[in-house]
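A look at the structure
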Amino acid sequence: MKKFILTMILVLTLTQSFAQEKPDVVVSFFPLYDFTRNIDGDRIDLTSLIPFSVEPHDWEPGPRDMVKVSSADIFIYNGAGLEPWADDIIKSVRNKKLKVVDISKSIRVTGEDPHIWLDPILVKSQLKVIKDTLIGYDSENRTYYDKNYNVYLKKIEELDREIRKTIARCKKKVFVTSHDAFSRFAERYGLTQVPVMGISPESEPSPRELAGIIETIKRYDVRYIFTEPFIPIKIAESISRETGVKILVLDPIEGLTEEEMKSGADYLFKMKKNLENLKIALEYE
Ligand SMILES: [Zn+2]
């Protein structure tokens with residue numbers, strides 16, 4: 001019996017020390033979760049602060065979220081204004097060992113637009129920052145992280161090539177979106193995005209702005225406008241009634257719907273789906 005108890009204590013201690021060694025990484029929202037998951041496999045405990053089913057621009061942290069961050073080893077967030085609450089959380093954290101990474105600062109993006117994950121070239125830089133951060137904390141698994149990183153990097157490069165090839169064969173270069181999420185994407189691929197709303201989906205257009213959008217639709221002979229999963233379709237519907245344009249989805253990939261969670265949809269899947277709808281709207285030949 002004594003022997004059994006001693007063995008149990010040993011097993012428990014070992015399990016505990018293993019559990020403690022697994023880095024506890026908190027990221028702010030879905031794309032960073034997906035990117036990190038692809039690099040870490042299962043060697044870290046990974047949590048997304050913002051639930052996948054929530055639109056992140058207006059999310060606010062509660063006391064439990066503060067605890068999650070302060071008990072983590074690494075906190076990675078997007079930056080560039082997506083998480084205006086991040087500074088306050090970081091200041092209030094007592095854990096001096098917490099490694100904080102503002103991705104937008106690490107990859108030195110210019111401009112205020114936070115939607116850096118929609119530009120695959122910037123995603124490549126994001127992946128490197130995530131990989132280096134994990135290795136910096138857990139160098140024993142360097143080879144493992146490097147290997148996963150290279151596999152996923154190739155997939156992102158392939159996506160970039162696919163977008164370029166597709167856009168090159170599209171007749172139209174102007175597209176109308178819901179909120180201003182695709183500026184970086186548009187700039188990367190030589191397109192023009194006309195957003196109906198601002199950087200955050202909260203800001204609705206004034207009647208004058210709406211008239212401007214309708215004018216653009218007529219001028220460029222736009223036949224389709226885009227909506228997205230987490231915001232009401234109301235404005236798009238009224239533009240559609242006014243101009244006869246059809247409505248398609250262009251997903252800013254800020255979260256996952258319940259259906260997507262069940263089907264295991266990820267960043268790459270959603271980007272490819274976006275490309276399919278862009279093909280229709282931009283008249284792929
Ligand atoms: Zn957004």
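Owing to the predicted nature of the structure, the values given are computational and were not obtained by experimental measurement.

Reading the values: the criteria
- Residues numbered from 1 in each chain as written.
- Predicted model: local features only at pLDDT ≥ 70, side-chain atom pairs only at ≥ 80, totals over all residues.
- Domains from an automatic or database assignment.
- Contact = placed C-beta atoms within 7 Å.
- Helix = DSSP H or I, 4+ residues; strand = E, 2+ residues; numbered from the N terminus.
- Nonpolar A, V, L, I, M, F, W, Y, C, P; charged D, E, K, R; others polar.
- Pairing = 2+ DSSP bridges.
- Axes fitted to C-alpha atoms, helices over the stretch in contact; angles between N-to-C directions.
- Expected span 1.5 Å × (residues − 1).
- Buried ≥ 20, exposed ≤ 12 C-beta atoms within 10 Å, placed from the backbone.
- Arc of directions from axis to C-beta.

1. Describing the domain arrangement of the chain
One can read the domain layout of the chain as domain 1 (20–162) and domain 2 (164–281). The gap between the C-alpha centroids of domain 1 and domain 2 is 26 Å. Listed as interface residues are 24 residues of domain 1 and, on the opposing side, 26 residues of domain 2. Residue contributions to the side of domain 1 that touches domain 2 peak at 5 residues, all from helix 7 (residues 142–168). Residue composition of the side of domain 1 that touches domain 2, grouped by class: 12 nonpolar, 3 polar and 9 charged.

2. As for the sheet that holds strand 3 (residues 74–77)
Spatial strand order, 2-1-3-4: 4 strands in an open sheet with parallel pairing. In this open sheet, the two strands that pair with only one neighbour each are strand 2 (45–48) and strand 4 (99–102). The sheet shows a mean angle of 15 degrees between the axes of neighbouring strands, taken without regard to direction. Here strand 1 (residues 24–27) runs beside strand 2; their pairing, made up of 4 bridges, is parallel. Within the sheet, the bridge partner assigned to V27 lies in strand 2 and is S48.

3. A few points about helix 6 (residues 120–137)
The end-to-end C-alpha distance of helix 6 is 26 Å, a good match for the 26 Å that 18 residues give at a rise of 1.5 Å each. Every buried residue of helix 6 is accounted for by P120, V123, Q126, L127, I130, K131, T133 and L134. Projected down its long axis, helix 6 shows its buried positions confined to an angular sector of 160 degrees, all on one face. In this fold, the buried residues of helix 6 make contact with helix 2 (30–40), strand 3, strand 4, helix 5 (103–106) and helix 7.

4. A word on the pairing of strand 6 (residues 192–195)
As paired elements, strand 5 (residues 174–177) and strand 6 share 4 bridges and run parallel to each other. From the neighbouring strand, V174 faces strand 6, where its bridge partner is T192.

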